[in-house]
Amino acid sequence: MKKIEEDLFSEAINDFIRLSKGNISDLHDLLIRGGLGKSLRQPRKGWSDIDLSIIVEKINSSVLKEVRDVYQLLKRKYPIKITITLVSRNDFLSKRHHHGMKPIFYSHYGLEQSISLFNNEIKFGDKVDERELRLDTISNVCYLIHDLRNRYMELENSTDAIATYAKHLMRRSNHLIKNCIYIKAGVLLEEDIDQDLLYRCFPSIPFKNIQLIEGYKASWETIKNDRKELKRIIDVLQEINEEIFENTLIDINNL
């Protein structure tokens, strides 16, 4: 099964390269980001997704249609969550670049772990100062917490809808918690949440529940059909997110 999963991801990426080079105008670069980048993490069945970026010289209505066509073809063919971030070259090379809806610090640190399919060096120029990075991260944290609250209000009562929200919540919680740690401690985290650092920043949080996120990912194929367990996961993570956000507000107001 593991080999089949790896082959499927590899096939999807090869199709992405072929379709992009054949159909998208004025390409500057194509990137593989996230866990499938230079960290070379193995895909996890039912959980891992493919994070890709398309950088073009200029975005216009024609390019948007071309990228949409590529995305729709990949989406129909592969039972994998595929995310494509489209940016212009000038935007991509800006020191204040937000890659998709990421904080600025992701562009300076996370993107450098990506793989350029054009063999370009992913290197940015002067970086913005620490204070600006933290202030920008605050905006991202506020976006994340409101996104989760709004999606929960709109949540329908079917098991599929609850499973989709729980998965979204787990992903978003990981980003929100790491961003709050950065606001409080100035430490940038890669893929995983540092448990010791989490406890130092938020000693009142039942941090062992955060460790369960990895366990949820590993057993997702079973959990996704367990309505009771899904609701328990949602309750636990919502409580943690809200308490971490409230705690971080102290630092936000002091910046």
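Look up a bit, the structure's there.
Residues numbered from 1 in each chain as written. Predicted model: local features only at pLDDT ≥ 70, side-chain atom pairs only at ≥ 80, totals over all residues. Heavy atoms only, no water.

Asks: Is there a simple way to explain the environment of leucine 86 in this structure?
Replies: By the secondary structure assignment, leucine 86 is in strand S3 (residues 82-88). With 19 residues separating them in the primary sequence, leucine 86 and valine 67 have C-alpha atoms 8.0 Å apart. Once you skip the residues sitting within four places of it in the chain, leucine 86 turns out to touch Ile54, Val56, Ile59, Leu64 and Val67. (Helix = DSSP H or I, 4+ residues; strand = E, 2+ residues; numbered from the N terminus. Contact = heavy atoms within 4.5 Å.)

Asks: Is there a simple way to think about helix H6 (residues 159-185) in this case?
Replies: Every α-helix carries 3.6 residues per turn, so stepping three or four residues along brings you back to the same face. With 27 residues, H6 ought to run about 39 Å at 1.5 Å a step, and its terminal C-alpha atoms sit 38 Å apart, in line with that. Of all 27 residues that make up H6, 20 are buried, and the element is covered over most of its length. (Expected span 1.5 Å × (residues − 1). Buried < 20%, exposed > 50% of the residue type's maximum accessible area, 1.4 Å probe, protein only.)

Asks: What is the right way to look at the sheet that holds strand S1 (residues 27-33) in this model?
Replies: Strands in a sheet are paired, the pairing made by backbone hydrogen bonds, and the direction either parallel or antiparallel. The 4 strands lie next to each other as S3-S2-S1-S4, forming an open sheet whose pairing is mixed. Whereas interior strands pair on both sides, the edge strands pair on one side only; in this sheet they are S3 and strand S4 (115-116). (Pairing = 2+ DSSP bridges.)

Asks: I keep staring at the packing of aromatic side chains and nothing clicks. Help me out?
Replies: The geometry of an aromatic ring pair is captured by two quantities: the separation of the ring centres and the angle between the planes. Applying the stated criterion across every chain yields a total of 2 aromatic pairs. With centroids separated by 5.8 Å and ring planes inclined at 45 degrees, the aromatic side chains of tyrosine 152 and tyrosine 165 adopt a geometry described as tilted. Of this pair, tyrosine 152 sits in helix H5 (residues 130-153) while tyrosine 165 sits in helix H6, placing them 13 residues apart in sequence. Look at tyrosine 152 and you get partly exposed, because its relative accessible area is 40%. Residue tyrosine 165 is classed as buried on the basis of its relative accessible area of 4%. Sitting above the plane of the tyrosine 106 ring, lysine 102 keeps its charged end 5.0 Å from the centroid. When the ring centre of tyrosine 182 is taken as reference, the NZ or CZ atom of arginine 134 above it lies at 5.9 Å. (Phe/Tyr/Trp six-rings, centres within 6.5 Å; stacked < 30°, edge-to-face > 60°. Lys NZ or Arg CZ within 6 Å of the ring centre and 35° of its normal.)

Asks: Please clarify how the packing of H5 against helix H10 (residues 227-254) should be interpreted in this entry.
Replies: Between two packed helices, what matters for the description is the angle formed by their axes and the separation of those axes. With their axes 11 Å apart at the nearest point, H5 and H10 run at an angle of 150 degrees to one another. Considering the angle they form, H5 stands roughly antiparallel to H10. The hand of the H5/H10 crossing is left-handed. Residues Ile138, Val141, Cys142, Ile145, Leu148, Arg149 and Tyr152 of H5 lie in contact with H10, whose contacting residues are Ile234, Gln238, Asn241, Glu242, Phe245 and Ile252. A breakdown of the residues in the contact of H5 with H10 according to their chemical character gives 9 nonpolar, 2 polar and 2 charged. (Axes fitted to C-alpha atoms, helices over the stretch in contact; angles between N-to-C directions. Parallel < 35°, antiparallel > 145°, perpendicular 65-115°, else oblique. Left-handed = near helix turned anticlockwise from the far one by under 90°. Nonpolar A, V, L, I, M, F, W, Y, C, P; charged D, E, K, R; others polar.)

Asks: Where do I start with the pairing of S1 in this structure?
Replies: Regular strands place their side chains on alternate faces of the sheet. Across the 7 residues of S1, 6 count as buried, placing the element largely inside the fold. Note: S1 against strand S2 (residues 50-56), 6 bridges, orientation antiparallel. If you follow leucine 27 over to S2, its bridge partner there is valine 56. Here 2 bridges tie S1 to S4, and the two strands are oriented antiparallel to one another. Its bridge partner lying in S4, isoleucine 32 is registered against isoleucine 115.

Asks: Hey, could you run me through H10 in this one?
Replies: With 28 residues, H10 should cover 40 Å at 1.5 Å per step; its first-to-last C-alpha distance of 41 Å lies within 8% of that length. Along H10, the sharpest change in direction is near 30 degrees and occurs at threonine 248. Taken residue by residue, H10 has Leu230, Ile233, Ile234, Val236, Leu237, Gln238, Ile240, Asn241, Ile244, Phe245, Thr248 and Ile252 as its buried positions. (Bend = angle between axes of the 7 residues up to and from the residue.)

Asks: Any chance you could explain the packing of H5 against H6 here in plain terms?
Replies: Where H5 contacts H6, the axes come no closer than 9 Å and their chain directions differ by 155 degrees. In this view, H5 runs roughly antiparallel relative to H6, as classed from their interaxial angle. In this structure, H5 crosses over H6, and the sense of that crossing is left-handed. Its residues assigned to classes, the contact of H5 with H6 comprises 15 nonpolar, 5 polar and 6 charged.

Asks: Just checking my understanding: could you explain the pattern of salt bridges for this structure?
Replies: It is possible for side chains of opposite charge to pair when their charged atoms get near one another. One pass over the structure, following the stated rule, counts 13 salt bridges. A salt bridge links aspartate 15 to lysine 77; the nearest nitrogen and oxygen atoms lie 2.7 Å apart. Separated by 62 residues along the polypeptide, aspartate 15 in helix H1 (residues 2-23) and lysine 77 in helix H2 (residues 61-77) bring together distant segments of the chain. The buried category is assigned to aspartate 15, whose relative accessible area is 9%. One connected set of salt bridges, linked through shared partners, spans Glu11, Asp15, Arg18 and Lys77. (Salt bridge = Lys/Arg side-chain N within 4 Å of Asp/Glu carboxyl O.)

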